[in-house]
Amino acid sequence: MYERKLNLIKLLKEKKSAFLFGPRGVGKTVLAQHYLTRARHAASIDLLSLDALRRYISEPGLFRLEIEQRLKDIPPRQTLTVLVDEVQKLPGLLDEVHYLVETHKGRVQFLLTGSSARKLKRSGANLLAGRAWTLKLHPLSSQEVEPDLRKALTIGTLPGIYQEAPSSARRSLKAYVETYLKEEVMQELLIRRIDRFIRLLDIAGQVNGEPVNYTSVARDSGVSVKTAQEYFDILVDTLIAFRIDGWSHSVRKQLRQGPKFYFFDCGVLNAVRGELQTELKSGSYRYGKLFETFVVNELIRANDYSETGYRFNYWRTSTGQEVDLVLTRGPQDTPKAIEIKSQSSPGESDLKGLRAFASENNTAELFCLCRTTHKYSLGPIQVLPWQDGIKALLRG
């Protein structure tokens, strides 16, 4: 088992209940089960089990009765820790969780895992109104394993797949896309034209990391603009992609810029694009875009784990000048503008976007994260090895 940056034992030492969200395959169940081994009294319910799901669908009150019986069987003032795996399969169970947390304060703690917050939101499920924290688990980050960069760009860093041989990893990624993205996510859609969603998924892979023109996407996938927007929202809600909006001091200008979407893992992106067998060549356009996706994900993961509270945006002008990321904590915060380059020694001509951004935002801090082995400066721009840059930006 990898030592994960999200330390449940440390975070939940006060016996606080928590939702643990993350895409399939990131290790939620393994992490949660490890947490349970440290509990004196524990119970585990897996809603992926048809037997368990049928049992509680037909009689949801049984859940409360069974937990209360377990509480009677342990000494007073001791806590029962209950893991409910894939809670989005039965959102109504959260009403019972709410009742138990309120009625037996300090005696029962719930760890509720899920691969989709969408179903919970859509069903109007009881999200426990602050009685449970929301935690996020991602694929392996560079804080958890020293990454083989080429391997990470090719097969991604889903824990189970990352440790497989390349040929096995490619088969696993293909199965992941076919069985999870194209079946389970489609169950969230409740649509009849499955072929249209599959086409949209293919297009989403092609426009990964680019501003999305919904009108163009809708035309290419054979759906309405509204439906195209809804499909992208589903990818975000099911944690398959992250949305990054355009940055401006003006909210109105932000809304006029098409959002970017980044898939949560390079291996999954390659599978969606049908490029698992394609040789990855250093210096190619594809290599650069995968490196950008990888670093964006590394920053998102570090931001979540360190709870630094950054908002992620990108910046682009009508003339095509662009900065990959702008990090801020709020309107009054000094923006941190970040350009991501896959070169080992980017020069002045590679960083025109950062200088253009600085000309409009003269207090901004400017960074280039790349594959250099040593940091250096180009005027106000700090050029950093990507690992060091992530640590510097998200320290504390």
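Our subject is the structure that appears above.
Description of the structure in this document. For every chain, the first residue of the written sequence is number 1, and numbering continues from 1 along that sequence. Only residues with pLDDT of at least 70 are given local features in this predicted model, and only at 80 or more are side-chain atom pairs given and counted; all residues enter the totals for whole chains, interfaces and linings. To obtain the side-chain values, all non-hydrogen atoms of the structure were used and water was disregarded.

## Some points on the overall build of the protein chain
Counted only if it meets this: Strands are runs of DSSP state E lasting at least two residues, helices are runs of H or I lasting at least four, and both sets are numbered from the N terminus onward. Exposure classes here rest on a 1.4 Å probe applied to the protein chains alone. A residue is buried below 20% of its type maximum, exposed above 50%, and partly exposed in between. It only takes one pair of heavy atoms within 4.5 Å for two residues to be counted as in contact. For every accessible area listed, the method is Shrake-Rupley and the probe measures 1.4 Å; residues are considered covered only by the protein chains on display. In this count, Lys and Arg are taken as positive residues and Asp and Glu as negative ones, while His and the chain termini are left out. Charged groups are reduced to one reference atom each: NZ for lysine, CZ for arginine, CG for aspartic acid, CD for glutamic acid.
Each helix and strand counted, the protein chain has 17 helices and 13 strands in total. Considering the protein chain as a whole, with its 396 residues, one finds that 51% of them fall into the buried category. Across the protein chain, contacts joining residues at least 24 apart in sequence account for 69% of those joining residues at least 6 apart. When the accessible surface of the protein chain is summed, it comes to about 18,800 Å², and 47% of that surface belongs to carbon and sulfur atoms. Taken as two groups, the 58 positive and 45 negative side-chain charges of the protein chain have centres that lie 2 Å from each other.

## So, the nonpolar core
Rule in force here: Side-chain atoms within 4.5 Å are what join buried Ala, Val, Leu, Ile, Met, Phe, Trp, Tyr and Cys residues into a set we call a nonpolar core.
Ranked by internal contacts, the top residues of the largest apolar core, which has 80 residues, are L181, V268 and L299. Per element, the largest residue contribution to this core is 10 residues, and it comes from helix α15 (residues 285–306). With 26 residues, the next largest nonpolar core counts F21, L53, Y56 and L90 among its residues.

## As for the packing of aromatic side chains
Let me state the cut-off plainly: Stacked, tilted and edge-to-face are the three classes assigned to paired rings of Phe, Tyr and Trp, where Trp is represented by its six-membered ring and a pair needs centres within 6.5 Å; plane angles under 30 degrees give stacked, over 60 edge-to-face, the rest tilted.
Inspection of every chain in the model, using the stated rule, returns 10 aromatic pairs. With a centroid separation of 5.6 Å and an interplanar angle of 5°, the aromatic rings of F19 and F21 are classed as stacked. Ring geometry for F232 and F261: centres 4.6 Å apart, planes at 35°, overall tilted. Within this pair, whereas F232 is found in helix α12 (residues 225–237), its partner F261 is found in strand β7 (residues 260–263), the two being separated by 29 residues in sequence. Take F232 and F261: they sit in the same class, and that class is buried. Taken together, Y56, F63 and F110 form an aromatic cluster joined through their ring pairs.

## Some details on the sheet that holds strand β5 (residues 132–136)
What counts here: The pairing criterion for strands is at least two bridges between them, as found by DSSP. For every element, the axis is a line fit to its C-alpha atoms; helices are fit only across the contacting stretch, and the angle between N-to-C directions ranges from 0 to 180 degrees.
The strand order across the open sheet formed by 5 strands is β2-β3-β4-β1-β5, and the pairing between neighbours is parallel. Each having just a single partner strand, β2 (41–46) and β5 make up the two edges of the open sheet. Across the sheet, the axes of successive neighbouring strands diverge by a mean angle of 15°, strand direction being ignored. The pairing of strand β1 (residues 17–21) with β5 spans 5 bridges and is parallel. Bridge assignment links F19 to a residue of β5, and that residue is T134.

## Some points on helix α4 (residues 61–73)
For clarity, the threshold we go by: Here the expected span of a helix is defined as 1.5 Å times the quantity of residues minus one. Throughout, the arc means the angular range of directions from the helix axis out to the C-beta atoms.
Over its 13 residues, α4 runs 19 Å from end to end, which matches the ideal 18 Å to within 8%, given 1.5 Å per residue. Turning to α4, its buried residues are F63, I67, E68 and L71. End-on, the buried residues of α4 take up no more than an arc of 125°, which puts them together on one face. Looking at α4, the residues exposed on the side facing more than 90 degrees away from the buried face are L65, K72 and D73. Against the buried residues of α4 lie β2, α3 (50–58), β3 (80–85), α5 (93–103) and β4 (108–114).

## Some thoughts on the sheet that holds strand β8 (residues 311–316)
Read across the sheet, 8 strands follow the order β7-β6-β8-β9-β10-β11-β13-β12 without closing on themselves; strand pairing throughout is mixed. Of all the strands in the sheet, just β7 and β12 (376–378) have a single pairing partner and so form its edges. Along the sheet, successive strands turn relative to each other by an average axial angle of 35°, direction set aside.

## A short note on helix α11 (residues 214–221)
The test is simple: Any N or O atom pair separated by 3.5 Å or less is treated as a polar contact, with the protein-specific requirement of one donor-capable and one acceptor-capable atom, and with residues adjacent in sequence counted only for side-chain atom pairs.
When we look at burial in α11, the residues that qualify are Y214, V217, A218 and S221. Buried residues along α11 cover an arc of 100° about the axis, so they all sit on one side. Buried positions along α11 lie against α10 (194–206), α12, β6 (241–246) and β7. Capping the start of α11, N213 holds a side-chain oxygen 3.0 Å from the backbone nitrogen of T215, two or three residues further along.

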